[in-house]
Amino acid sequence: MLSGRRLDLLDPTPVDIEIEDIAHGLAFVARWNGQTRGDWPYSVAEHSLLVETIFSRMNAGIAPRWKLAAVLHDAPEYVIGDMISPVKAAVGPGYEELDRRLSAAIHLRFGLPAVLPSPIKKAIKAADRISAWLEAVRIAGFQEAEADRLFGRPAPQVVHRLEIRLRPPAEVRADYVSRVARLLADCG
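Note that the structure is predicted; figures quoted are calculated from it, not measured.

### Quick word on the overall build of the protein chain
Here is step 1: Along the backbone of the protein chain there are ten helices and zero strands.
Here is step 2: The secondary structure elements of the protein chain, listed N-terminal to C-terminal, are α-α-α-α-α-α-α-α-α-α.
Here is step 3: The C-alpha atoms of the protein chain give a radius of gyration of 16 Å, which matches the 16 Å a tight globule of 188 residues would have.
Here is step 4: Dimensions of the protein chain along its principal axes, counting C-alpha atoms only, are 45 × 35 × 30 Å.
Here is step 5: Per-residue burial for the protein chain yields a buried fraction of 46% across its 188 residues.
Here is step 6: Sequence separation of 24 or more characterises 69% of the internal contacts of the protein chain that already satisfy a separation of 6 or more.
Here is step 7: If you sum the accessible surface of the protein chain, you get close to 9600 Å²; carbon and sulfur atoms cover 54% of it.

Take a look at the structure:
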């Protein structure tokens, strides 16, 4: 990693994980395989910030640690990349196992349980699907009917005034690190 840490992908440990490495990697990983409108790719880091915003809107008063879990929901992709669902299915259970191990190490590194409670995981997934709907219709060329079928139509009050932002990786990276730092401080 750029931090100088060595990460064993088959046996990751929390001590080998740094937020700067996660933020850097995610800021350079494009969602939708880069097939989006705009001058910059839509990064997994930007997506993660949006998911946390949606999750917080949908779960008013939720503890900061679960907001942190939402912002870290795709953190393993800093080393394994963002694969579209059909590719994940083709790769098989090996990808899922690698993702699970990395998620556990990342969670432990930042004071979260290795495995999130089921209601929290479901709530983050719901926010993730809303983010996917927004991304699909606003920057990935989907018609709303197609996005509705694939992701479910979000409630208007949840998506009200949300923006899809396309920004340079350095800017997104800095915002991601800053958001995680604020959430960690709020958890303390």
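Now that the structure has been shown, we can carry on.
### Re the packing of helix α2 (residues 44–58) against helix α10 (residues 169–187)
Here is step 1: Across the interface, α2 lies against α10 with an axial gap of 9 Å and an inter-helix angle of 35°. The handedness of the crossing between α2 and α10 comes out as left-handed. Along its contact with α2, which presents Ala 45, Glu 46, Ser 48, Leu 49 and Glu 52, the element α10 presents Val 172, Asp 175, Tyr 176, Arg 179 and Leu 183.

### Let's talk about the pattern of salt bridges
As a working rule, side chains carrying opposite charge can pair if their charged atoms are close by.
Here is step 1: Taken as a whole and judged by the stated rule, the model has twelve salt bridges.
Here is step 2: Glu 18 is the salt-bridge partner of Arg 5, the closest N and O atoms lying 2.8 Å from each other. A residue pair is termed long-range when its members are at least 10 positions apart, and Arg 5 in the segment before α1 (19–28) and Glu 18 in the segment before α1 qualify at 13 residues.
Here is step 3: A salt bridge links Lys 125 to Asp 128, with the nearest nitrogen and oxygen atoms 3.6 Å apart. Taken together, the residues Lys 125 and Asp 128, both in helix α7 (residues 118–138) and three residues apart, mark about one turn of the helix.

### Describing the layout of surface pockets
Here is step 1: Of the voids in this model, the largest pocket is the one considered here, and its volume is about 1200 Å³.
Here is step 2: Element by element, the count of residues in the lining of the largest pocket is highest for helix α6 (residues 93–109), at seven residues.
Here is step 3: Considering the residues around the second largest pocket, the lining is formed by 15 residues, among which Glu 46, Leu 49, Leu 50, Thr 53 and Arg 165 are closest to the centre.
Here is step 4: Within the residue set of the lining of the second largest pocket, elements represented by two or more residues are α2 and α10.

Parameters and conventions
Residues numbered from 1 in each chain as written. Predicted model: local features only at pLDDT ≥ 70, side-chain atom pairs only at ≥ 80, totals over all residues. Heavy atoms only, no water. Helix = DSSP H or I, 4+ residues; strand = E, 2+ residues; numbered from the N terminus. Rg over C-alpha atoms; globule rule 2.2 N^0.38 Å. Buried < 20%, exposed > 50% of the residue type's maximum accessible area, 1.4 Å probe, protein only. Contact = heavy atoms within 4.5 Å. Areas by Shrake-Rupley, 256 points an atom, 1.4 Å probe, with all protein chains shown as cover. Axes fitted to C-alpha atoms, helices over the stretch in contact; angles between N-to-C directions. Left-handed = near helix turned anticlockwise from the far one by under 90°. Salt bridge = Lys/Arg side-chain N within 4 Å of Asp/Glu carboxyl O. 1 Å grid on protein atoms, 1.4 Å probe; cavity = no way out; pocket = protein on both sides within 12 Å on 5 of 7 lines; lining within 4 Å. Points joined across faces, edges and corners; volume = space filled by probe spheres on them.

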